[in-house]
Amino acid sequence: MQAKRITNLPAEELELLDLLRSRLDSDYRDPRRGPFKLAYIYANTPDNEASMFIKAADLANAGGTVALGISEGARGLGYEGFDHSIARLKAFGLKDGFPVTKFLVDADGNGIRNVNTGSEAQKLAEWERSIAGGGRGGGDIAIIMPPFHVRRAFRTTITALKRNGDIPVRVYAVPGVPLSWVQEIKYGQKLEKKPRYKSLEDELQREEKYTAPEFGGLLSSQEVINYLDWRDS
């Protein structure tokens, strides 16, 4: 049986995506840099959220971050919101009173809107810019997401930082704990149910789509690799 083509990306870009994925899956940060100033948890569906919440609670309880970040936005597209996330984090062992920053995803301040990777990355970039602008810069950021979402979430984050004034902050990928690849899950804003391993194909197609200027213009794989070379220098 002939394998079907998942995307129309050229071979050169697929090679770079593979290199980027391998690097992010084993992202390294020198422990002498101290705790993260923030570990931001990207939103996901209830079927996938345990992956991030277990990792985030363990990181926080071990003193690996000063604070956690969670978004708040509209319901109905697979994300259950800030309060739900706090409750789940506590169920997975987050200590009472641990600092959590709420990121309100809004539309020009006129009301909450859809929480997605792009809108979250934009709010994270705005937060970092306000911190640096207030003379409180310094410190690194972790972003936490399910393993299948690592590359797109990281590319989207770095793209948002670049667009908001090329903010020179060091961001590190912290993949969530692995979950069963064959489990049937609801994934994405259409809440289609499929085996978790199918999300890998979906993510690659999303990356191809969102790289186009009319759909978001993500930084290229090479640009993100260049960022990693700067970050780790």
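Before reading on, note that the structure itself is shown above.
Bear in mind that the values here come from a model prediction, so they are computed numbers and not experimental data.

To continue, consider the overall build of the protein chain. The secondary structure content of the protein chain amounts to seven helices and seven strands. Its C-alpha atoms give the protein chain a radius of gyration of 17 Å, near enough to 17 Å, the size a compact globule of 233 residues would have. Expressed as lengths along the three principal axes of its C-alpha atoms, the size of the protein chain is roughly 55 × 40 × 40 Å. Looking at the protein chain residue by residue over its 233 residues, the buried ones come to 48%. Sequence-distant contacts in the protein chain: of pairs separated by 6 or more residues, those separated by 24 or more amount to 76%. Surface accessibility of the protein chain: about 11,500 Å² in total, with carbon and sulfur atoms responsible for 52%. If you average the places of the 33 positive and of the 32 negative side-chain charges in the protein chain, the two averages end up 3 Å apart.

What follows deals with the nonpolar core. Most often, soluble globular proteins have nonpolar side chains that are buried together. Residues Ile-143, Phe-154 and Val-171 are the most contacted members of the largest nonpolar core, which totals 30 residues. Where this core is concerned, the elements lending two or more residues are helix H1 (11-25), strand E1 (38-41), helix H4 (117-133), strand E4 (141-145), helix H5 (150-163), strand E5 (171-175) and helix H7 (221-231). The element contributing the most residues to this core is H5, with six residues. With 24 residues, the next largest nonpolar core counts Phe-36, Leu-68, Tyr-79 and Val-174 among its residues.

Turning our attention to the pattern of salt bridges. Summed over all chains, the structure comprises 16 salt bridges. Where Glu-49 meets Arg-88, a salt bridge forms, and the shortest distance between an N and an O atom there is 3.3 Å. With Glu-49 in helix H2 (residues 49-61) and Arg-88 in helix H3 (residues 82-91), this pair connects stretches of sequence that are 39 residues apart. A salt bridge links Lys-194 to Asp-202; the shortest N-O distance between them is 3.0 Å. You'll find Lys-194 and Asp-202 in the same group, each marked buried. Each of the salt bridges in this network shares a partner with another, and the network as a whole consists of Arg-23, Asp-27, Asp-229, Arg-231 and Asp-232.

Moving on: empty space enclosed by the protein. Per the counting criterion, the structure on display carries two cavities of 30 Å³ or more. By volume, the largest cavity amounts to about 70 Å³. Asn-48, Ser-51, Pro-146, Pro-147, Phe-148, Val-177, Pro-178, Leu-179, Trp-181 and Arg-196 together form the lining of the largest cavity. If you add up the space inside the second largest cavity, you get close to 40 Å³. Lining the second largest cavity, in full, are Ile-41, Tyr-42, Ala-43, Asn-44, Met-52, Phe-53, Ile-70, Tyr-79 and Ser-85. Of the residues assigned to the lining of the second largest cavity, the class counts are seven nonpolar, two polar and no charged.

What follows deals with the sheet that holds E1. Strands pair in a sheet through their backbones, by hydrogen bonds, and they do so in one of two ways: parallel or antiparallel. With parallel pairing, five strands are arranged side by side in an open sheet as E3-E2-E1-E4-E5. A strand with exactly one partner marks an edge of an open sheet, and here the two such strands are strand E3 (100-104) and E5. Across the sheet, the mean angle separating the axes of adjacent strands is 30° when strand polarity is ignored. The pairing of E1 with strand E2 (residues 68-72) spans two bridges and is parallel. Looking at the pairing, Ala-39 lines up with Leu-68 of E2.

Let us now look at the packing of H2 against H3. Where H2 meets H3, the axes come as close as 9 Å, and the angle between the chain directions of the two elements is 60°. Comparing their axes, H3 and H2 come out oblique. H2 and H3 meet at a crossing whose hand is right-handed. Residues Glu-49, Phe-53, Ala-56 and Ala-57 of H2 touch H3, and the partners they reach there are His-84, Ser-85, Arg-88 and Leu-89.

Right, let's talk about the side chain of Ser-221 for a bit. Mapped onto the elements, Ser-221 comes out in helix H7. Its relative accessible area of 0% is what places Ser-221 among the buried residues. Discounting chain neighbours no more than four positions away, the residues touching Ser-221 are Glu-13, Leu-16, Leu-17, Leu-20 and Arg-155.

Cut-off values and rules
Residues numbered from 1 in each chain as written. Predicted model: local features only at pLDDT ≥ 70, side-chain atom pairs only at ≥ 80, totals over all residues. Heavy atoms only, no water. Helix = DSSP H or I, 4+ residues; strand = E, 2+ residues; numbered from the N terminus. Rg over C-alpha atoms; globule rule 2.2 N^0.38 Å. Buried < 20%, exposed > 50% of the residue type's maximum accessible area, 1.4 Å probe, protein only. Contact = heavy atoms within 4.5 Å. Areas by Shrake-Rupley, 256 points an atom, 1.4 Å probe, with all protein chains shown as cover. Lys, Arg positive; Asp, Glu negative; His and termini not counted. Charge placed at Lys NZ, Arg CZ, Asp CG, Glu CD. Core = buried A, V, L, I, M, F, W, Y, C linked by side-chain atoms within 4.5 Å. Salt bridge = Lys/Arg side-chain N within 4 Å of Asp/Glu carboxyl O. 1 Å grid on protein atoms, 1.4 Å probe; cavity = no way out; pocket = protein on both sides within 12 Å on 5 of 7 lines; lining within 4 Å. Points joined across faces, edges and corners; volume = space filled by probe spheres on them. Nonpolar A, V, L, I, M, F, W, Y, C, P; charged D, E, K, R; others polar. Pairing = 2+ DSSP bridges. Axes fitted to C-alpha atoms, helices over the stretch in contact; angles between N-to-C directions. Parallel < 35°, antiparallel > 145°, perpendicular 65-115°, else oblique. Left-handed = near helix turned anticlockwise from the far one by under 90°.

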